[in-house]
Amino acid sequence: MSGLVYVDLDAVRLVVDGVAHRLRLARMPLNGERLVTLCRVEALAAFGWEPVNVVPATCGVCAELHASHRTAESARLRACAERVAEPTGYPAPAGLTHVPDQPSRGLRRPPQRRELTS
Ligand SMILES: [Zn+2]
């Protein structure tokens with residue numbers, strides 16, 4: 001049996017000189033790959049498997065850029081959803097006054113009330 005290892009790319013940080021920077025990644029970087037952070041710091045990717053004893057500081061510029069990008073993305077998705085929800089502007093088909101609650105599936109008989117006999 002095998003299991004899929006899932007890595008949230010949005011949670012990946014590049015720590016340079018004790019500061020954790022944000023990246024925009026399409027895939028997990030390779031060891032030694034040149035990376036550029038949101039605030040334009042460049043560094044080569046290196047993976048450490050040892051637990052860290054010091055919590056890196058957060059890069060404020062990266063945090064601000066990431067937040068503004070997420071806000072813009074949310075606004076874009078909201079505008080897209082509102083566009084989908086808008087009426088089409090086309091008139092309803094003639095004679096369509098009632099929309100059935102469920103699609104017809106042949107000649108199915110609706111549930112009937114049963115009389116109890118005892
Ligand atoms: Zn940064």
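Caption draft 1: Looking closely at the overall build of the protein. Each helix and strand in the protein was counted, giving one helix and five strands. Sequence-distant contacts, at least 24 apart, represent 38% of the contacts inside the protein between residues at least 6 apart.

Caption draft 2: Just unusual backbone geometry, in detail. Positive phi values are uncommon outside glycine, yet Asp17 reaches one of about 55°. Its place among the elements puts Asp17 in the loop between strand S1 (13-16) and strand S2 (19-22). On the basis of neighbour counts, which here come to 8 C-beta atoms within 10 Å, the residue Asp17 falls in the exposed class. With phi around 75°, Arg40 is a residue other than glycine that occupies positive phi space. Residue placement: Arg40 occurs in the loop between strand S3 (34-36) and strand S4 (42-44). On the neighbour-count criterion, Arg40 (10 C-beta atoms within 10 Å) is exposed.

Caption draft 3: Highlighting the sheet that holds strand S5 (residues 57-58). Read from one edge of the open sheet, three strands run S1-S2-S5, paired in mixed fashion. A strand with exactly one partner marks an edge of an open sheet, and here the two such strands are S1 and S5. The sheet contact formed by S2 and S5 spans two bridges and is parallel. Each residue of the ladder has a partner; that of Val19, found in S5, is Ala57.

Caption draft 4: Structural detail: the environment of Gly18. Within the element layout of this structure, Gly18 appears in the loop between S1 and S2. A count of 9 C-beta atoms within 10 Å places Gly18 in the exposed class. Considered as a pair, Gly18 and Val55 are 37 residues apart in the sequence and their alpha carbons are 8.0 Å apart. Apart from residues no more than four positions distant in its own chain, Gly18 is found in contact with Val54, Pro56 and Ala57.

Each value, and the rule that gives it
Residues numbered from 1 in each chain as written. Predicted model: local features only at pLDDT ≥ 70, side-chain atom pairs only at ≥ 80, totals over all residues. Helix = DSSP H or I, 4+ residues; strand = E, 2+ residues; numbered from the N terminus. Contact = placed C-beta atoms within 7 Å. Buried ≥ 20, exposed ≤ 12 C-beta atoms within 10 Å, placed from the backbone. Pairing = 2+ DSSP bridges.

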